[in-house]
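# An overview of the molecular structure
Chain by chain, the residues:
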Amino acid sequence: MSTIQQDPAPVDGEKLMGFVFRAVDEVGATLNAALVVMGDKLGLYRALAGTGGLSPEELAKRTGTSERYVREWLNAQAAGGFVDYDPDGGRYTLPPEQTVALTDTDSPAYLPGFFQIALGSVIDSPKITERVRTGDGLGWHEHVHDVHEGCERFFRPGYNASLLTEWLPALEGVVAKLEAGASVADVGCGHGASTILMAGAYPASTFHGFDYHAGSIETARERASTAGLADQIVFHTESAGAYSGGDYALVTMFDCLHDMGDPVGAARHVRSTLAPDGTWMIVEPQAGDRVEDNLNPVGRAYYAFSTLLCTPASLSQEVGLALGAQAGEARIRDVVQAGGFTRFRRVAETPFNLVFEARP
(Lines give C-alpha, C1' and ligand atoms only; values in the text may rest on other atoms or scores of the structure.)
Protein backbone atom coordinates (compact mmCIF):
# COMPACT_ATOMS: atom_id res chain seq x y z
CA MET A 1 0.00 0.00 0.00
CA SER A 2 1.52 3.28 -1.13
CA THR A 3 1.55 6.43 0.95
CA ILE A 4 1.12 9.93 -0.36
CA GLN A 5 4.14 12.11 0.33
CA GLN A 6 3.33 15.68 1.20
CA ASP A 7 5.56 18.45 -0.03
CA PRO A 8 7.53 20.01 2.83
CA ALA A 9 6.20 23.33 4.07
CA PRO A 10 8.14 26.28 2.66
CA VAL A 11 10.70 27.80 4.99
CA ASP A 12 10.40 31.48 5.79
CA GLY A 13 14.02 32.67 5.93
CA GLU A 14 13.22 35.62 8.15
CA LYS A 15 11.38 33.42 10.67
CA LEU A 16 14.24 30.92 10.57
CA MET A 17 16.82 33.54 11.46
CA GLY A 18 14.49 34.91 14.11
CA PHE A 19 14.42 31.48 15.71
CA VAL A 20 18.21 31.13 15.42
CA PHE A 21 18.74 34.36 17.35
CA ARG A 22 16.13 33.31 19.87
CA ALA A 23 18.16 30.13 20.33
CA VAL A 24 21.31 32.21 20.89
CA ASP A 25 19.44 34.00 23.67
CA GLU A 26 18.38 30.64 25.10
CA VAL A 27 21.98 29.41 25.24
CA GLY A 28 23.05 32.63 26.92
CA ALA A 29 20.26 32.23 29.48
CA THR A 30 21.26 28.63 30.16
CA LEU A 31 24.87 29.61 30.76
CA ASN A 32 23.80 32.57 32.85
CA ALA A 33 22.10 30.27 35.37
CA ALA A 34 25.58 29.01 36.25
CA LEU A 35 26.91 32.56 36.40
CA VAL A 36 24.12 33.71 38.73
CA VAL A 37 24.83 30.81 41.08
CA MET A 38 28.53 31.70 40.88
CA GLY A 39 27.82 35.34 41.70
CA ASP A 40 25.62 34.33 44.61
CA LYS A 41 28.09 31.83 46.09
CA LEU A 42 31.07 34.19 45.73
CA GLY A 43 29.19 37.19 47.12
CA LEU A 44 29.62 39.24 43.95
CA TYR A 45 26.09 40.62 43.89
CA ARG A 46 26.16 41.44 47.59
CA ALA A 47 29.47 43.25 47.20
CA LEU A 48 28.10 45.32 44.28
CA ALA A 49 24.86 46.24 46.04
CA GLY A 50 24.54 49.85 47.10
CA THR A 51 28.02 50.88 45.99
CA GLY A 52 27.13 53.17 43.13
CA GLY A 53 29.42 51.17 40.87
CA LEU A 54 32.67 49.22 41.06
CA SER A 55 35.47 48.36 38.67
CA PRO A 56 36.39 44.69 38.19
CA GLU A 57 39.53 45.27 40.27
CA GLU A 58 37.52 46.77 43.13
CA LEU A 59 34.91 43.98 43.08
CA ALA A 60 37.60 41.29 43.00
CA LYS A 61 39.40 42.90 45.94
CA ARG A 62 36.18 43.13 47.99
CA THR A 63 35.31 39.47 47.39
CA GLY A 64 38.77 37.87 47.43
CA THR A 65 38.41 36.66 43.87
CA SER A 66 40.43 36.80 40.64
CA GLU A 67 40.04 40.04 38.72
CA ARG A 68 40.33 38.33 35.33
CA TYR A 69 37.41 36.01 36.06
CA VAL A 70 35.39 38.82 37.64
CA ARG A 71 35.83 41.01 34.55
CA GLU A 72 34.38 38.34 32.26
CA TRP A 73 31.57 37.63 34.73
CA LEU A 74 30.65 41.32 34.90
CA ASN A 75 30.61 41.63 31.12
CA ALA A 76 28.28 38.64 30.85
CA GLN A 77 26.03 40.17 33.51
CA ALA A 78 26.00 43.50 31.69
CA ALA A 79 25.17 41.85 28.36
CA GLY A 80 22.22 40.12 30.01
CA GLY A 81 20.90 43.23 31.74
CA PHE A 82 21.68 41.99 35.25
CA VAL A 83 24.11 44.86 35.90
CA ASP A 84 24.57 48.26 34.29
CA TYR A 85 27.88 49.24 32.66
CA ASP A 86 29.32 52.75 32.44
CA PRO A 87 31.76 52.74 29.48
CA ASP A 88 33.22 56.11 30.44
CA GLY A 89 34.20 55.08 33.95
CA GLY A 90 34.57 51.36 33.33
CA ARG A 91 32.36 50.65 36.34
CA TYR A 92 29.50 48.24 36.88
CA THR A 93 26.37 48.93 38.95
CA LEU A 94 23.71 46.63 40.37
CA PRO A 95 20.37 48.44 39.87
CA PRO A 96 18.03 48.64 42.89
CA GLU A 97 15.52 46.18 41.43
CA GLN A 98 18.21 43.58 40.75
CA THR A 99 19.62 44.28 44.21
CA VAL A 100 16.33 43.19 45.76
CA ALA A 101 15.95 40.14 43.51
CA LEU A 102 19.54 38.95 43.91
CA THR A 103 20.53 39.92 47.46
CA ASP A 104 17.46 40.47 49.68
CA THR A 105 16.70 37.08 51.26
CA ASP A 106 13.58 38.50 52.93
CA SER A 107 11.95 39.56 49.66
CA PRO A 108 9.40 37.29 47.92
CA ALA A 109 11.21 38.30 44.70
CA TYR A 110 14.51 36.76 45.86
CA LEU A 111 15.75 34.60 42.96
CA PRO A 112 19.15 32.91 43.56
CA GLY A 113 17.49 29.69 44.73
CA PHE A 114 15.49 29.55 41.49
CA PHE A 115 18.73 29.64 39.50
CA GLN A 116 20.39 27.15 41.85
CA ILE A 117 17.70 24.48 41.46
CA ALA A 118 17.70 25.09 37.70
CA LEU A 119 21.47 24.61 37.53
CA GLY A 120 21.27 21.45 39.62
CA SER A 121 18.56 20.11 37.31
CA VAL A 122 20.71 20.76 34.25
CA ILE A 123 23.69 19.06 35.91
CA ASP A 124 21.52 15.99 36.50
CA SER A 125 19.94 16.05 33.02
CA PRO A 126 22.15 13.25 31.60
CA LYS A 127 20.71 10.90 34.22
CA ILE A 128 17.18 11.91 33.23
CA THR A 129 17.94 11.44 29.53
CA GLU A 130 18.68 7.77 30.20
CA ARG A 131 15.45 7.43 32.22
CA VAL A 132 13.48 8.86 29.32
CA ARG A 133 14.71 5.93 27.23
CA THR A 134 13.65 3.34 29.80
CA GLY A 135 10.71 4.97 31.62
CA ASP A 136 12.46 4.53 34.97
CA GLY A 137 12.42 7.23 37.62
CA LEU A 138 15.07 9.11 39.58
CA GLY A 139 14.51 9.68 43.29
CA TRP A 140 14.83 13.06 44.97
CA HIS A 141 17.71 11.69 47.04
CA GLU A 142 19.66 10.92 43.84
CA HIS A 143 19.96 14.57 42.78
CA VAL A 144 22.92 16.86 43.41
CA HIS A 145 22.98 19.17 46.42
CA ASP A 146 22.12 22.26 44.36
CA VAL A 147 18.70 20.74 43.65
CA HIS A 148 17.96 20.19 47.35
CA GLU A 149 19.29 23.52 48.56
CA GLY A 150 18.01 25.48 45.57
CA CYS A 151 14.48 24.11 46.02
CA GLU A 152 14.31 25.32 49.61
CA ARG A 153 15.87 28.68 48.77
CA PHE A 154 13.43 29.20 45.88
CA PHE A 155 10.22 28.41 47.77
CA ARG A 156 11.15 29.83 51.20
CA PRO A 157 10.74 33.54 50.25
CA GLY A 158 7.20 32.86 49.03
CA TYR A 159 6.35 31.00 52.23
CA ASN A 160 7.83 33.83 54.29
CA ALA A 161 5.70 36.36 52.42
CA SER A 162 2.37 34.53 52.37
CA LEU A 163 2.09 31.55 54.72
CA LEU A 164 1.40 33.40 57.97
CA THR A 165 -0.32 36.47 56.53
CA GLU A 166 -2.54 34.97 53.81
CA TRP A 167 -2.57 31.20 53.49
CA LEU A 168 -3.18 30.03 57.07
CA PRO A 169 -5.74 32.80 57.77
CA ALA A 170 -7.65 31.67 54.66
CA LEU A 171 -8.25 28.24 56.22
CA GLU A 172 -11.45 27.85 58.22
CA GLY A 173 -10.73 28.14 61.96
CA VAL A 174 -7.10 27.02 61.71
CA VAL A 175 -5.35 30.10 63.09
CA ALA A 176 -7.47 30.03 66.25
CA LYS A 177 -6.51 26.37 66.79
CA LEU A 178 -2.82 27.11 66.27
CA GLU A 179 -2.93 30.03 68.69
CA ALA A 180 -4.64 27.90 71.34
CA GLY A 181 -2.26 24.96 70.81
CA ALA A 182 -2.61 22.25 68.19
CA SER A 183 -0.69 19.34 66.74
CA VAL A 184 0.55 19.85 63.17
CA ALA A 185 2.13 17.49 60.64
CA ASP A 186 4.21 19.08 57.85
CA VAL A 187 4.58 16.28 55.31
CA GLY A 188 7.36 16.47 52.70
CA CYS A 189 8.99 19.16 54.82
CA GLY A 190 12.43 19.08 53.16
CA HIS A 191 14.81 21.38 55.03
CA GLY A 192 12.00 22.45 57.35
CA ALA A 193 11.54 26.06 56.19
CA SER A 194 7.73 25.88 56.39
CA THR A 195 7.75 23.94 59.66
CA ILE A 196 10.11 26.36 61.37
CA LEU A 197 8.15 29.37 60.11
CA MET A 198 4.87 28.05 61.53
CA ALA A 199 6.41 26.95 64.81
CA GLY A 200 7.97 30.35 65.40
CA ALA A 201 4.61 32.02 64.88
CA TYR A 202 2.55 29.65 67.04
CA PRO A 203 4.52 28.75 70.19
CA ALA A 204 1.55 26.99 71.83
CA SER A 205 1.41 24.38 69.05
CA THR A 206 3.62 21.36 68.42
CA PHE A 207 4.95 20.42 64.99
CA HIS A 208 6.11 17.21 63.35
CA GLY A 209 8.04 17.42 60.08
CA PHE A 210 8.19 14.36 57.83
CA ASP A 211 10.36 13.64 54.79
CA TYR A 212 11.73 10.41 53.36
CA HIS A 213 15.07 12.08 52.52
CA ALA A 214 17.37 11.61 55.52
CA GLY A 215 19.76 14.35 54.43
CA SER A 216 16.98 16.93 54.36
CA ILE A 217 15.74 15.87 57.79
CA GLU A 218 19.25 16.25 59.21
CA THR A 219 19.40 19.80 57.84
CA ALA A 220 15.93 20.56 59.19
CA ARG A 221 16.93 19.44 62.69
CA GLU A 222 20.01 21.65 62.62
CA ARG A 223 17.98 24.66 61.52
CA ALA A 224 15.30 24.09 64.15
CA SER A 225 18.00 23.94 66.80
CA THR A 226 19.58 27.15 65.52
CA ALA A 227 16.16 28.84 65.62
CA GLY A 228 15.66 27.71 69.24
CA LEU A 229 12.68 25.55 68.28
CA ALA A 230 14.07 22.06 68.84
CA ASP A 231 11.69 21.48 71.76
CA GLN A 232 8.66 22.45 69.69
CA ILE A 233 9.45 20.57 66.46
CA VAL A 234 10.26 16.90 65.92
CA PHE A 235 11.55 15.89 62.49
CA HIS A 236 11.13 12.31 61.26
CA THR A 237 12.57 10.39 58.30
CA GLU A 238 9.23 8.94 57.19
CA SER A 239 7.27 8.84 53.94
CA ALA A 240 4.04 10.62 53.09
CA GLY A 241 2.11 7.37 52.90
CA ALA A 242 3.21 6.05 56.28
CA TYR A 243 4.14 8.94 58.55
CA SER A 244 3.44 8.46 62.25
CA GLY A 245 1.06 10.09 64.68
CA GLY A 246 -2.57 11.04 64.45
CA ASP A 247 -5.36 13.36 65.53
CA TYR A 248 -3.58 16.25 63.81
CA ALA A 249 -5.50 19.53 63.68
CA LEU A 250 -3.57 20.50 60.57
CA VAL A 251 -1.60 18.55 57.97
CA THR A 252 0.38 20.57 55.42
CA MET A 253 2.07 19.66 52.15
CA PHE A 254 4.13 22.32 50.43
CA ASP A 255 4.91 21.80 46.73
CA CYS A 256 5.31 18.05 47.09
CA LEU A 257 2.01 16.20 46.50
CA HIS A 258 2.58 16.08 42.74
CA ASP A 259 6.06 14.55 43.31
CA MET A 260 4.66 11.50 45.11
CA GLY A 261 4.38 8.14 43.44
CA ASP A 262 1.02 7.43 45.07
CA PRO A 263 -0.63 10.77 45.89
CA VAL A 264 -4.01 9.09 46.36
CA GLY A 265 -2.48 6.72 48.93
CA ALA A 266 -0.90 9.73 50.63
CA ALA A 267 -4.30 11.48 50.66
CA ARG A 268 -5.89 8.43 52.31
CA HIS A 269 -3.16 8.42 54.94
CA VAL A 270 -3.67 12.13 55.62
CA ARG A 271 -7.39 11.45 56.05
CA SER A 272 -6.62 8.69 58.57
CA THR A 273 -4.30 10.89 60.64
CA LEU A 274 -6.47 14.02 60.80
CA ALA A 275 -8.64 14.93 63.75
CA PRO A 276 -12.38 14.70 62.91
CA ASP A 277 -12.52 18.48 62.35
CA GLY A 278 -8.97 18.73 60.99
CA THR A 279 -7.70 20.50 57.88
CA TRP A 280 -5.31 19.48 55.13
CA MET A 281 -3.57 22.44 53.46
CA ILE A 282 -2.07 21.64 50.05
CA VAL A 283 0.28 24.10 48.36
CA GLU A 284 0.99 23.28 44.72
CA PRO A 285 2.68 25.03 41.79
CA GLN A 286 0.54 27.58 39.96
CA ALA A 287 -1.11 25.81 37.01
CA GLY A 288 -4.24 25.76 34.91
CA ASP A 289 -6.09 22.57 34.07
CA ARG A 290 -5.32 22.66 30.33
CA VAL A 291 -1.97 22.68 28.59
CA GLU A 292 -2.86 25.90 26.80
CA ASP A 293 -3.45 27.58 30.17
CA ASN A 294 0.19 27.01 31.09
CA LEU A 295 1.96 28.15 27.92
CA ASN A 296 3.51 31.14 29.66
CA PRO A 297 6.86 31.86 31.38
CA VAL A 298 5.87 30.30 34.73
CA GLY A 299 4.37 27.26 33.03
CA ARG A 300 7.45 26.89 30.87
CA ALA A 301 9.74 26.81 33.90
CA TYR A 302 7.47 24.41 35.78
CA TYR A 303 7.07 22.03 32.81
CA ALA A 304 10.87 21.96 32.56
CA PHE A 305 11.24 21.23 36.28
CA SER A 306 8.52 18.63 35.93
CA THR A 307 10.48 16.86 33.19
CA LEU A 308 13.78 16.91 35.09
CA LEU A 309 12.63 16.60 38.73
CA CYS A 310 8.97 15.98 39.51
CA THR A 311 8.02 13.30 37.00
CA PRO A 312 11.22 11.27 37.58
CA ALA A 313 10.65 11.50 41.35
CA SER A 314 7.14 10.10 41.06
CA LEU A 315 8.18 7.36 38.61
CA SER A 316 10.88 6.22 41.06
CA GLN A 317 8.20 5.29 43.61
CA GLU A 318 5.43 2.70 43.83
CA VAL A 319 2.40 3.41 41.61
CA GLY A 320 4.25 6.26 39.82
CA LEU A 321 1.17 8.31 39.01
CA ALA A 322 3.37 11.21 37.85
CA LEU A 323 0.92 14.08 38.20
CA GLY A 324 3.61 16.52 37.13
CA ALA A 325 4.28 20.02 38.43
CA GLN A 326 1.50 21.42 36.23
CA ALA A 327 -1.20 19.09 37.57
CA GLY A 328 -3.77 21.87 37.97
CA GLU A 329 -6.70 22.22 40.34
CA ALA A 330 -8.97 19.61 38.77
CA ARG A 331 -6.43 16.79 39.06
CA ILE A 332 -5.53 17.77 42.64
CA ARG A 333 -9.25 17.77 43.47
CA ASP A 334 -9.58 14.25 42.02
CA VAL A 335 -6.69 13.01 44.18
CA VAL A 336 -8.12 14.61 47.31
CA GLN A 337 -11.60 13.22 46.75
CA ALA A 338 -10.24 9.75 45.96
CA GLY A 339 -8.48 9.95 49.32
CA GLY A 340 -11.79 10.26 51.15
CA PHE A 341 -12.19 14.02 51.55
CA THR A 342 -15.61 15.57 50.92
CA ARG A 343 -14.73 19.27 50.98
CA PHE A 344 -12.15 20.93 48.76
CA ARG A 345 -11.62 24.56 47.77
CA ARG A 346 -8.95 26.93 46.53
CA VAL A 347 -8.26 29.46 49.26
CA ALA A 348 -5.33 31.50 47.91
CA GLU A 349 -2.87 31.85 45.06
CA THR A 350 0.30 33.67 44.05
CA PRO A 351 2.08 33.90 40.69
CA PHE A 352 3.95 30.71 41.68
CA ASN A 353 1.53 28.75 43.89
CA LEU A 354 -2.03 27.52 44.37
CA VAL A 355 -3.28 26.87 47.92
CA PHE A 356 -6.07 24.41 48.66
CA GLU A 357 -8.05 23.44 51.74
CA ALA A 358 -9.35 19.88 52.16
CA ARG A 359 -11.68 18.80 54.94
CA PRO A 360 -13.07 15.35 55.87
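To keep things clear, this report deals only with the structure shown in the data block. (Residues numbered from 1 in each chain as written. Predicted model: local features only at pLDDT ≥ 70, side-chain atom pairs only at ≥ 80, totals over all residues. Heavy atoms only, no water.)

## Remarks on the sheet that holds strand β6 (residues 248-254)
The strand order β5-β4-β3-β6-β7-β9-β8 describes an open sheet built from seven strands, whose pairing is mixed. At either margin of the open sheet sits one strand with a lone partner, and together these are β5 (233-236) and β8 (343-349). Taking each pair of neighbouring strands and ignoring which way they run, the sheet shows an average axis angle of 20°. Helix α10 (residues 193-201) rests against β3 (183-187), β4 (206-210), β5 and β6 of the sheet, and its axis sits at about 165° to β5. (Pairing = 2+ DSSP bridges. Helix = DSSP H or I, 4+ residues; strand = E, 2+ residues; numbered from the N terminus. Axes fitted to C-alpha atoms, helices over the stretch in contact; angles between N-to-C directions. Contact = heavy atoms within 4.5 Å.)

## Details of the nonpolar core
Counting residues in each nonpolar core, the largest one holds 43 residues, and the members touching the most others are Trp-167, Leu-168 and Met-281. Not counting residues up to four positions away in its chain, the partners in contact with Leu-168 are Leu-163, Val-174, Val-175, Leu-178, Met-198, Tyr-202, Leu-250 and Met-281. One finds Cys-256, Leu-274, Ala-327 and Leu-354 within the second-largest nonpolar core, a separate group that totals 28 residues. (Core = buried A, V, L, I, M, F, W, Y, C linked by side-chain atoms within 4.5 Å. Buried < 20%, exposed > 50% of the residue type's maximum accessible area, 1.4 Å probe, protein only.)

## Quick look at the pairing of β8
Here β8 pairs with strand β9 (residues 353-359) via six bridges, running antiparallel. From the neighbouring strand, Arg-346 faces β9, where its bridge partner is Phe-356. Hairpin geometry of β8 and β9 is characterised by an intervening segment of three residues between the two adjacent antiparallel strands.

## Notes on the packing of helix α1 (residues 13-42) against helix α4 (residues 67-79)
One way to put it is that α1 packs onto α4 with a least axis distance of 11 Å and a crossing angle of 125°. On the basis of their axis angle, the class for α1 and α4 is oblique. Here α1 and α4 pass one another in a crossing that is left-handed. Residue-level inspection shows Asn-32, Leu-35, Val-36, Met-38 and Gly-39 of α1 in contact with α4, the latter providing Trp-73, Ala-76 and Gln-77. Its residues assigned to classes, the contact of α1 with α4 shows five nonpolar, three polar and no charged. (Parallel < 35°, antiparallel > 145°, perpendicular 65-115°, else oblique. Left-handed = near helix turned anticlockwise from the far one by under 90°. Nonpolar A, V, L, I, M, F, W, Y, C, P; charged D, E, K, R; others polar.)

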